[in-house]
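Examination of the molecular architecture
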Amino acid sequence: LLDPRPTTSTTTTTCGYCGVGCTLDVHVRDGEVAAVTPTRGAPVNRGHACVKGRFAHGFTRAEDRLTTPLVRRDGRLVPTTWDDAVRTVAHRLAAVRDRHGPDAIAMISSARATNEENYLAQKFVRTVIGTNNVDNCSRLCHAPSATGLSASFGLAGGTNPLDDLDHTDCVLLVGANPTDAHPVVGARIKQRVLAGARLVVVDPRRTELAALADVHLQAVPGSNVAVFNGLAHVLITEDHLDHDFLDRRTTGFDALAELVRDYPPDTTAEIAGVRAADLVAAARLFGQARHPAIVYGLGVTEHRHGTDGVRTLANLALLRGAVGTPGCCGILPLRGQNNVQGASDMGALPDLLPGYQPVTDAAVRDRFSAAWGRPVPERPGLRIPQMFDAAIAGEVRAIHVIGENVVQSDPNAEHVRAALRACDLVVCHDVFPSRTAEHADVVLPAASFLEKDGTFVNFDRRFQRVRPAVSPPGGAASDFAVLHRIAHALGADLGCPTPADALAECAALTPVFAGLSHQRLDAGGPLHWPCRAPDQPGEAVLHLDRFATPDGRAALAALPHLPPGEQPDGEFPYLLITGRRLEHHNTGSMTRRTPNAELLPAEALEIHPTDAAHLRVVDGADVTVTSRWGRAALTAHLTRDVVPGQVFAAFHFPGATVNDLTSPHTDTATGCPEYKVTAVQVRPGPP
Ligand code: SF4
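In what follows, the accompanying structure is described. (Residues numbered from 1 in each chain as written. Predicted model: local features only at pLDDT ≥ 70, side-chain atom pairs only at ≥ 80, totals over all residues.)

Attention now moves to the sheet that holds strand β23 (residues 574-579). With mixed pairing, 6 strands are arranged side by side around a closed barrel as β23-β27-β24-β26-β25-β28. In this sheet, adjacent strand axes meet at a mean angle of 45 degrees when their direction is disregarded. Relative to strand β26 (residues 631-638), strand β25 (residues 622-627) is paired through 5 bridges, and the arrangement is antiparallel. Each bridged residue has a counterpart across the sheet, and for D622 the counterpart in β26 is T635. (Pairing = 2+ DSSP bridges. Helix = DSSP H or I, 4+ residues; strand = E, 2+ residues; numbered from the N terminus. Axes fitted to C-alpha atoms, helices over the stretch in contact; angles between N-to-C directions.)

Next comes the structure, spelled out in structure tokens:
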């Protein structure tokens, strides 16, 4: 603590930035956050934290923090009272519902909100509004993980705890840059490599960990399935297989072996733009390891065939018996935002109730309907991209957004803006004015994670407590309290008056969460789900006895490589990849209002020097990037971290609107946008 004056309180809570879920001690002086330090001995971060968790807390008292509800009158957002704002939202939601039916209303819940808020949000939509039109931003990142891992293993979560990386002798890191996006995990992988573990990286960019790797497969974006099938080909032809495991615990080997005959190293190398010898070397490192681990990120999921990517990556773990066996290291999907796992776990999904229980299952619906006292609708609702399409088509007339900045974070931003413009009502809960709030009819000032009570679930399925360190400023309020108020104004009672009550109600209705409660987490610390009874410790390692599939076996997937939604061509000759930077989080609304903004004040387009020379662009020069979907102004950053023909930028800054460029192509199975492949042209100079 740099200020020598004593702090008055310290609260232990969970970081609200990335999905690693570090435990932090928040030190408060005079009612304001004075400093944040990583909690010693915390199970996830073991006393470490990154530049976001430690230093990006000053936003809580930023001058432009929303502290008063705003209502649009005569075209302008003007301050109003909470009573008026809540009455306006309720009155206008009821008007849309009465006139167009409940399916004309859609809610986007939030990966930044607590589990209890997400539980309440989906309960509000299903029981008070009467539709399943609720989704969360996992749709934009790891929906393919939920669907793919469920199809392969039967459960929608990573299979092993982070600590299992401590005994891996080979990490296969795919489509992830944890040094920037999940720094505490990045450091853990680096430590393991420095201790002698082998590292294979599949990533189009030369990241810090790629530079450390034994093999770096710089595969062209969109070729993941071919790469994984090619690796499977080598594992099978060179017999790096766990035959006993495959016989006893899997199905589908023969079909997979047949399919991957078409992916010999030369063929795969040509599709992926890598060297065949490197592909074989990578397969041998993974195949000969005793405890191989797979860690992956959005470079696997955010593709037109992202779910196929997850499933064909899961094949590699199964071929080696590296999942569901004692001592294995399994598969760890690196979840993006702090509670993106929890938002889905809590049922903020259009087809699934809490714990991934299908709304189409009559017995499940009956159980929830009986407990909630109102019928759960049967028909699955709309996914986020479908909500925007339906708004433009006039079928959705009201969109209620909790804590997401969809105009900046979702692809094809002009399409999103058009959808919001087409609505009769747009409601936003947020901590700051945002590009999305510019389109809102009502803006409700939200509490931040440092001001909330509840739980988050991190990337390795750990429920962790979130505790308020400070009070929200002015009239800002938790989404939990706001949802209750809107429900009351609509004549409904959501029950569960406190966050602890909400988790208790969720646990009573959801077998895989049955053993979870705030009391237990307060007394004993974090717990992994599944946690099926109050006396069970939680299952950190999944699938040890049987997989959660109907037949108890994991399903190998024989899936061919298919091309991405669009490819570079003569008009749009460069391939744009989007991603994240160390200093900032998501759309940057919090981190840009902290000293982290001085560390990285603006976004730049990474471009290879060869391409820059061809375009006559120097480092720091203005460039205009154009896709079929929009245009963005950036400055050029010359680097050999990208290969010629590819460019990279992040989406943290509202001025450099990378998502004005990204395409509407989505994963065929889940609707997850293809953020990792957009064909663009780059021109020198401003637009
Ligand atoms: Fe930990 Fe992620 Fe927070 Fe950094 S941003 S402190 S890695 S949870």
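Let us now look at the packing of helix α11 (residues 265-272) against helix α12 (residues 276-288). Running from N to C, α11 and α12 cross one another at 110 degrees; their axes reach a closest spacing of 8 Å. As judged from the angle between their axes, α11 and α12 are roughly perpendicular. For the crossing formed where α11 meets α12, the hand is right-handed. For the pair α11 and α12, the contacting residues are P265, D266, T268 and A269 in the first and A276, L279 and V280 in the second. Here the contact of α11 with α12 is built from residues that sort into 5 nonpolar, 1 polar and 1 charged. (Parallel < 35°, antiparallel > 145°, perpendicular 65-115°, else oblique. Left-handed = near helix turned anticlockwise from the far one by under 90°. Contact = placed C-beta atoms within 7 Å. Nonpolar A, V, L, I, M, F, W, Y, C, P; charged D, E, K, R; others polar.)

Core analysis: the biggest nonpolar cluster contains 188 residues, and L173, L231, F286, V295, L316 and I399 have the highest contact counts within it. Beyond its immediate chain neighbours, meaning those up to four positions away, V295 contacts V171, L173, A176, I189, L332 and L334. Core analysis: the second largest hydrophobic core is formed by 28 residues, I577, I607, V625 and L634 among them. (Core = buried A, V, L, I, M, F, W, Y, C linked by C-beta atoms within 7 Å. Buried ≥ 20, exposed ≤ 12 C-beta atoms within 10 Å, placed from the backbone.)

Let us look at the environment of R628. Topologically, R628 is positioned in the loop between β25 and β26. For the pair R628 and V680, spaced 52 residues apart in the sequence, the C-alpha separation amounts to 7.4 Å. Sequence-distant contacts of R628, defined by excluding residues within four places in its chain, comprise F572 and S663.

An order of β1-β2-β3 is seen for the 3 strands of this open sheet, with the pairing classed as antiparallel. Every other strand in the sheet has two partners, leaving β1 (9-14) and β3 (32-38) as the edge strands with one partner each. Neighbour to neighbour, the strand axes of the sheet diverge by 30 degrees on average, direction disregarded. Bridge count between β1 and strand β2 (residues 23-29): 6 bridges; the pairing is antiparallel. Following the sheet pairing, T13 is matched in β2 by L24.

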